[in-house]
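# Structure assessment
Here is how the chains run, residue by residue.
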Amino acid sequence: FFEEKRLIKMGTWFRVIFLGLLALGLAGCNLETRKPLFADGDARLLLANYPNLAPYERNDGGWKKSTEPLDFSPEASHYLVKSGNSDMVASFVPLEGPWWILQAAETSGTSSYVLVMAEPKELLIHSLDCKRLQESGRFADEIEFQDSSCFIKDTADKMGLFKALTGIASEPSTKLVSEP
């Protein structure tokens, strides 16, 4: 019973993240790859350290608590996410200090990326907007920009790139708070 209740609560915030990733991915404006950069062995089950997570979305300068369930489950070192007729594999890859990479790999092969800052009682989700990355003028060697889309080049130093991206990531639009 308690495990089922925990999965339902975790499913609530997971929906926020992945619907946001899907929306950004479908709009073609978030950092992507044509195939996943990270293998299952690179990932960790970060969420196990954050019980009773509650999702919040930025709203008019403040934070508003959000709710909506989604079917997902931990498998090996990643999470399987089911939304309607689509499946996605979500992997949290440790980067440096409090920073993590969240890779959301769709079954079609395309993967989207956001940065996660893991604070003691909350996870802050930072998007990697293509327009912002291109306007910085700093990533032309590692990222291919196509109209409003952007893709990490095969030749890029992936960990070096993501470390550099921590300095340009947008303000968090979503946060997950571990509540009592």
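Parameters at a glance
- Throughout this document, residue positions are counted from 1 along each chain, in the order its sequence is written.
- Under the rules for a predicted model, residues below a pLDDT of 70 receive no local features and side-chain atom pairs below 80 are neither given nor counted, while totals for whole chains, interfaces and linings still include all residues.
- Note that water and hydrogens are dropped before the side-chain values are worked out from all heavy atoms of the structure.
- Working definition: a ring pair exists when centres of Phe, Tyr or Trp rings (six-membered ring for Trp) sit within 6.5 Å. Plane angles under 30 degrees give stacked, over 60 give edge-to-face, the rest tilted.
- The secondary structure listing takes helices from DSSP runs of H or I that are at least 4 residues long and strands from runs of E that are at least 2 residues long, numbered from the N terminus.
- Exposure categories follow from relative accessible area, calculated using a 1.4 Å probe and restricted to protein chains: below 20% of the type maximum is buried, above 50% is exposed, and the middle band is partly exposed.
- Note: pLDDT gives the predictor's confidence per residue, expressed from 0 to 100.
- By the convention used here, residues are in contact when the closest approach between their heavy atoms is within 4.5 Å.
- To be clear, the arc concerns the directions from the helix axis to the C-beta atoms.
- Salt bridges, as used here, are contacts in which a Lys or Arg side-chain nitrogen is within 4 Å of a carboxyl oxygen on Asp or Glu.
- The nonpolar core is taken to be a set of buried Ala, Val, Leu, Ile, Met, Phe, Trp, Tyr and Cys residues, with the residues joined through side-chain atoms within 4.5 Å.

With that out of the way, let us pick up the packing of aromatic side chains. Counted by the stated rule, this structure contains four aromatic pairs. Between Phe-38 and Tyr-113, the aromatic rings sit 6.5 Å apart at their centres with planes inclined by 70 degrees, giving edge-to-face as the arrangement. Separated by 75 residues along the polypeptide, Phe-38 in the loop between β1 (31-33) and β2 (53-59) and Tyr-113 in strand β8 (residues 111-118) bring together distant segments of the chain. For the pair shown, Phe-38 and Tyr-113 are each scored as buried. An angle of 50 degrees between the planes, with centres 5.6 Å apart, marks the rings of Tyr-113 and Phe-162 as tilted. Highlighted residues: Tyr-113 in strand β8 and Phe-162 in helix α3 (residues 158-165), separated in sequence by 49 residues. Among the aromatic side chains, those forming a connected cluster through ring pairs are Phe-38, Tyr-113 and Phe-162.

Time to look at the side chain of Lys-175. Of note, Lys-175 is situated in strand β12 (residues 174-178). Lys-175 gets classed as buried once you look at its relative accessible area, which sits at 14%.

Next up on the list: the confidence of the model for the protein chain. Taken over all residues, the pLDDT of the protein chain has a mean of 82, while the share at 70 or more is 79%. Helix α1 (residues 2-27) is the least confidently modelled element of the protein chain, averaging 45 in pLDDT, while α3 averages 97, the highest of any element. Low pLDDT, under 50, characterises residues 1-13; the stretch is placed with 22 contacts to residues that sit more than four places away or in other chains. Ignoring residues within four places in sequence, the model shows residues 21-28, a span with pLDDT below 50, making 16 contacts including any to other chains.

We now examine α3. Listed as buried for α3 are Leu-161, Phe-162 and Leu-165. In a view along the axis of α3, the buried residues occupy a sector of 95 degrees, so they form one face of it.

With that settled, the discussion passes to the pattern of salt bridges. In the structure shown here, the tally under the stated rule is three salt bridges. With its nearest N and O atoms 4.0 Å apart, the salt bridge here joins Arg-34 to Glu-144. A residue pair is termed long-range when its members are at least 10 positions apart, and Arg-34 in the loop between β1 and β2 and Glu-144 in strand β10 (residues 143-146) qualify at 110 residues. When its relative accessible area of 30% is taken as the criterion, Glu-144 is described as partly exposed. Here Lys-65 makes a salt bridge to Glu-179, at a shortest N to O gap of 3.1 Å. In this pair, Lys-65 sits in strand β3 (residues 62-65) while Glu-179 sits in the segment after β12, placing the two residues 114 residues apart along the sequence.

This brings us to the environment of Cys-150. With respect to the helices and strands, Cys-150 occurs in strand β11 (residues 149-152). Between the alpha carbons of Cys-150 and Glu-32 there is a distance of 6.2 Å; along the sequence they are 118 residues apart.

Right, let's get into the nonpolar core. Counting residues in each nonpolar core, the largest one holds 24 residues, and the members touching the most others are Leu-31, Ile-101, Leu-115, Leu-128, Leu-133, Phe-162 and Leu-165. Of all the secondary-structure elements, those providing two or more residues to this core are β6 (86-96), β7 (99-106), β8, α2 (130-136), β11 and α3. What Leu-31 contacts, discounting residues up to four positions off in sequence, is Ser-111, Ser-112, Tyr-113, Leu-128, Cys-130, Leu-133, Ile-143, Cys-150, Ile-152, Phe-162 and Leu-165. Within the second largest apolar cluster, 18 residues are counted, among which are Leu-46, Tyr-50, Met-88 and Val-114.

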